Amino acid sequence: MPTHDAARRTESRRIALSSFVGSAIEFYDFLLYGAAAALVFNELFFTDLSALAGTIAAFGTLAVGYVARPLGGIVFGHFGDRVGRKSMLVMTMTIMAIASFAIGLLPTYDVIGSWAPVLLVACRLVQGIAVGGEWGGAALMAMEHASEGRRGLMASFANMGGPAGAVLATAVFAGFSALPEDQFLSWGWRVPFLLSLGLMAIGLFIRLKVTESPIFVAAQQRAAQEQKAAKQEAPLVTVLRRYPKNIVLSCLSGCAALVIQSLLATFMLTYATGVGFERSTVLWAQVVSSALHIFTIPAFAMLSDRIGRRPVMIAGALATAACAYPLFALVNSGSTTLLFAAYILGNPILQASMYGPMAAFVSEMFGTRARYTGASLGYQLATTLGAGTAPLIASSLLAASGGGTNSGTVSLYIIGVCLVSSAAIALTRESHRADIGESAEPRAERADEAATA
């Protein structure tokens, strides 16, 4: 008979796999939109605008999804803290797949005029709400099943889903972009979105087999024993009343990692093709860097389990600021080798050093009964403020500088964001060895209330 510890380790691995695969599928759908916004949507949904204005408009619709993510975090966080993590993860995956499938069926501007971008924005809003509820649940399910000293590693499986989804999305999109231009623009770009329903079936098969978070179950049982379940305040009220400082700090702390992630996934596609690289070359550079990213995220998470979240993330933010100008210099060189080097430096090294510990870093800021809501809200606000606006800001800064390779203002923007994130991380308390169980929650909440009073 397997021991309790052996059974727990087996279940923990199953949960980690579920978090990874589920997040990968959801981020496939979400990030696929980014590639399409950079390379297709300006030509199909904004044909009444100039090339540059169309690109900016396409990135504007991309930002809509990020704006909707905090709403998804609040809605699914509420029910995730009340009903359970697992059921919300099943729901978010289903909603995301339906929205992505709908994008693949949308008529273009030439067919229905201005209704085309309206419907595109509506689908993107739904995508944003779904992925806003996904991340918190996936990270918490893995982290709350983890053994002591492995929370950073296990929670990072949710973040590993991001680059895995990017690899899948970019590889599929790159494959279809090799079609003749007229075929790609007429039907080829649609197929990657239509594949979403098949991926959903795989993800749901895995997710329906996992068990609920034991820490969440213990919290619910304790609430029932105390007969306070009916009197409990809404999780959002708990977060805003007890953890307002943590919401702000988690948001600002995550901005640098998410700005770099978004710029490399979307803006750099447009920028590099403007320099003279073939579209497929840039997409494959992104595929290679994202594939490496899958392995460096848990490596930096494991490092944060050993030495702490703060030193790893602060070092990553400062290193990213130092490399802001060199990254663009590598792309501006026109060398394919140096283009790949820029992507590999940017994603698997710089971004991963901040992003690897982030899932545990943000989740450990909140108590169990409001952790889904708090972690989701803090992280999704960071995605909105950082990732959601980054391509639009970078495109506008580049246009204001005259376009071409005048990327100096974009580099300054990256440096500024990195310095803000470094300061915010420095203001947090180290948490990699803190007790996050239900028994520690009342003590933690009292301490947090005293700190924010």
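For clarity, every value in this text was computed on a predicted model and none was experimentally measured.

Student: Help me out: how do you make sense of helix 10 (residues 196-207) in this one?
Tutor: Given 3.6 residues per helical turn, the α-helix brings residues three or four places apart onto the same face. Here helix 10 contains 12 residues, and its C-alpha end-to-end distance of 16 Å stays within 8% of the 16 Å for a straight helix at 1.5 Å per residue. Turning to helix 10, its buried residues are Ser196, Leu199, Met200, Gly203, Leu204 and Arg207. The arc that holds every buried residue of helix 10, seen down its axis, measures 135°, which confines them to one face.

Student: Before we go on, may I ask you to explain the pattern of salt bridges in this structure?
Tutor: This model, assessed by the stated rule, comprises five salt bridges. Arg207 serves as the salt-bridge partner of Glu134, at 2.6 Å between the closest nitrogen and oxygen. Of this pair, Glu134 sits in helix 6 (residues 115-144) while Arg207 sits in helix 10, placing them 73 residues apart in sequence. When its relative accessible area of 0% is taken as the criterion, Glu134 is described as buried. Of the charged contacts, one joins Asp305 and Arg309 as a salt bridge, the two residues approaching to 2.8 Å between their closest N and O atoms. Each member of the pair, Asp305 together with Arg309, is buried. One salt-bridge network, held together by shared partners, links Arg151, Asp305, Arg309 and Glu364.

Student: Can you walk me through the environment of Val75 in this structure?
Tutor: As for its placement among the helices and strands, Val75 is situated in helix 3 (residues 51-82). Look at Val75 and you get partly exposed, because its relative accessible area is 34%.

Student: Sorry, what's going on with helix 17 (residues 336-355) here?
Tutor: Counted at 1.5 Å a residue, the expected span for helix 17 with its 20 residues is 28 Å, and the 26 Å between its end C-alpha atoms agrees. The largest bend in helix 17 is about 30°, located at Gly346, with the proline Pro348 one to four residues further on. Those residues of helix 17 that sit buried are Leu339, Ala342, Tyr343, Gly346, Asn347, Pro348, Leu350, Gln351, Ala352, Ser353, Met354 and Tyr355. Looking at where helix 17 begins, the residue whose side-chain oxygen comes 3.3 Å from the main-chain nitrogen of Thr337 is Ser335.

Student: Is there a simple way to explain the packing of aromatic side chains in this structure?
Tutor: Per the stated rule, a full pass over the model turns up 11 aromatic pairs. Relative to Phe366, the ring of Tyr243 lies with its centre 5.3 Å away and its plane at 75°, an arrangement referred to as edge-to-face. With Tyr243 in the loop between helix 12 (235-242) and helix 13 (244-275) and Phe366 in the loop between helix 18 (358-363) and helix 19 (371-388), this pair connects stretches of sequence that are 123 residues apart. Tyr243 sits in the buried class, given a relative accessible area of 3%. According to the relative accessible area criterion, Phe366 is buried, its value standing at 3%. Feature note: the residues Tyr33, Phe41, Phe45, Trp189 and Phe193 constitute an aromatic cluster, connected by ring pairs.

What counts, and at which threshold
- Residues numbered from 1 in each chain as written.
- Predicted model: local features only at pLDDT ≥ 70, side-chain atom pairs only at ≥ 80, totals over all residues.
- Heavy atoms only, no water.
- Helix = DSSP H or I, 4+ residues; strand = E, 2+ residues; numbered from the N terminus.
- Expected span 1.5 Å × (residues − 1).
- Buried < 20%, exposed > 50% of the residue type's maximum accessible area, 1.4 Å probe, protein only.
- Arc of directions from axis to C-beta.
- Salt bridge = Lys/Arg side-chain N within 4 Å of Asp/Glu carboxyl O.
- Bend = angle between axes of the 7 residues up to and from the residue.
- Polar contact = N/O pair within 3.5 Å; in protein donor to acceptor, adjacent residues only side chain to side chain.
- Phe/Tyr/Trp six-rings, centres within 6.5 Å; stacked < 30°, edge-to-face > 60°.

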